[in-house]
Amino acid sequence: MPDISLNKPYRIGRSRTGLGLFATKPIKKGTTIIRYIGPLLDCNKEKDDAVENKYLFQITSRWTIDGSLRKNIARYINHSCKPNAESDVRKIKRRVDIRAIKDIAPGEEINYDYGTDYFKEYLKPIGCKCNSCEKKRKKLRAAAREEKKHSRARAEKRAGVGGSRRKLNGHKARSAAPKNSKARSAAKDGRSKKRS
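The notes below deal with the structure included here. As the structure is a prediction and not an experimental result, all values here were calculated from the model.

### Overview of the overall build of the chain
Then step 1. When you go through the chain residue by residue, the secondary structure sums to four helices and 12 strands.
Then step 2. For the chain, contacts bridging at least 24 residues in sequence account for 60% of all contacts bridging at least 6.
Then step 3. Summed over its atoms, the accessible surface of the chain is roughly 14,500 Å², and 50% of this surface lies on carbon and sulfur atoms.

### Comments concerning a positive patch on the surface
Then step 1. Residues Lys82, Lys102, Lys135, Lys136 and Lys139 make up a contiguous surface patch of positive charge.
Then step 2. Among the residues examined, Lys102 registers a relative accessible area of 42% and is labelled partly exposed.

### Structural notes on the packing of aromatic side chains
Then step 1. Scanning all chains against the criterion turns up two aromatic pairs.
Then step 2. Judged by centre distance (5.2 Å) and plane angle (50 degrees), the rings of Tyr36 and Phe57 are tilted. Residue Tyr36 is found in strand β3 (residues 32–36), and its partner Phe57 is found in strand β5 (residues 56–58); the two are separated by 21 residues along the sequence.
Then step 3. Overall, the relative accessible area of 5% leaves Tyr36 in the buried class.
Then step 4. Note on Tyr112 and Tyr114: the rings are 5.2 Å apart at their centroids and 55 degrees apart in plane angle, and the pair reads as tilted.

### Concerning the nonpolar core
Then step 1. The biggest cluster of nonpolar side chains holds 22 residues, and the ones touching the most others in it are Leu21, Ile33, Ile34, Ile77 and Ile110.
Then step 2. Elements with a minimum of two residues in this core: β1 (10–15), β2 (18–23), β3, β9 (95–100) and β10 (109–112).
Then step 3. Sequence-distant contacts of Leu21, defined by excluding residues within four places in its chain, comprise Tyr10, Arg11, Ile12, Ile34, Ile73, Tyr76, Ile77, Glu108, Glu109 and Ile110.

### Points about the pairing of β10
Then step 1. Burial of the side chains of β10 extends over both faces: Glu109 and Asn111 are buried on one face and Ile110 and Tyr112 on the other.
Then step 2. Sheet topology places β2 next to β10; two bridges connect them, and they run antiparallel. Bridge pairing in β10 links Leu21 to Ile110.
Then step 3. Judged from the two bridges that link them, strand β7 (residues 78–79) and β10 form a sheet pairing that is parallel.

### Side note on the pattern of salt bridges
Then step 1. Inspection of the entire model under this criterion finds seven salt bridges.
Then step 2. The salt bridge involving Arg99 is made with Glu86; its shortest N-O contact spans 2.5 Å. Residue Arg99 is located in strand β9, and its partner Glu86 is located in strand β8 (residues 85–90); the two are separated by 13 residues in the primary sequence.
Then step 3. With relative accessibility at 33%, the residue Glu86 sits in the partly exposed group.
Then step 4. Of the charged contacts in the structure, one is a salt bridge between Asp97 and Arg95, with a shortest N-O distance of 3.2 Å.
Then step 5. Under the relative-accessibility criterion, Asp97 is labelled buried at 3%.
Then step 6. Overall, the relative accessible area of 27% leaves Arg95 in the partly exposed class.
Then step 7. Among the charged side chains, a network of salt bridges with common partners joins Glu86, Asp88, Arg90, Arg95, Asp97 and Arg99.

About the thresholds
- Residues numbered from 1 in each chain as written.
- Predicted model: local features only at pLDDT ≥ 70, side-chain atom pairs only at ≥ 80, totals over all residues.
- Heavy atoms only, no water.
- Helix = DSSP H or I, 4+ residues; strand = E, 2+ residues; numbered from the N terminus.
- Contact = heavy atoms within 4.5 Å.
- Areas by Shrake-Rupley, 256 points an atom, 1.4 Å probe, with all protein chains shown as cover.
- Patch = residues over 30% accessible without salt bridge, like charges linked within 9 Å, V, L, I, M, F, W, Y side chains within 5 Å.
- Salt bridge = Lys/Arg side-chain N within 4 Å of Asp/Glu carboxyl O.
- Lys, Arg positive; Asp, Glu negative; His and termini not counted.
- Charge placed at Lys NZ, Arg CZ, Asp CG, Glu CD.
- Buried < 20%, exposed > 50% of the residue type's maximum accessible area, 1.4 Å probe, protein only.
- Phe/Tyr/Trp six-rings, centres within 6.5 Å; stacked < 30°, edge-to-face > 60°.
- Core = buried A, V, L, I, M, F, W, Y, C linked by side-chain atoms within 4.5 Å.
- Pairing = 2+ DSSP bridges.

Taken by themselves, the reported measurements are silent on function.
Given below as structure tokens:
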């Protein structure tokens, strides 16, 4: 792993999606955090256009940065649908800086939106694992469990209406017959006398 200067406000660490970049100091909104570096590829050249990896950062229709170098620390910044940073593309200088768009607290993961093309090609097939998407999925799973629970309760209620023993709040309904055995046998004798 590349060496990171101690005065830098970030460190590489374990994230939900693998490795990520985390703040080690408070980073104020608007601060440039890091520069995305790597050799420039000219898409008009067949050799450069043939390069394929997931660290390519397109600046213009012609120029792309190949960020696959290990010294490009910015490549560890993960995607988020609700990011705390964004890429600041300077087309004329052919340069990309990552800038904070929110205050970032120490220990918080630094992330930015990779864009629609990258999302469709790499993230959509496996499902986005950013915090906001995970929270959304968790909420949907909880709602689905709740709906399943309610539909099961409705089905049990409908099934119990026709039967002689209905369940009330999870308990079986009691019969109207007296509890002790003498009273039950007396009730039986009373019914048998009426029949004769």
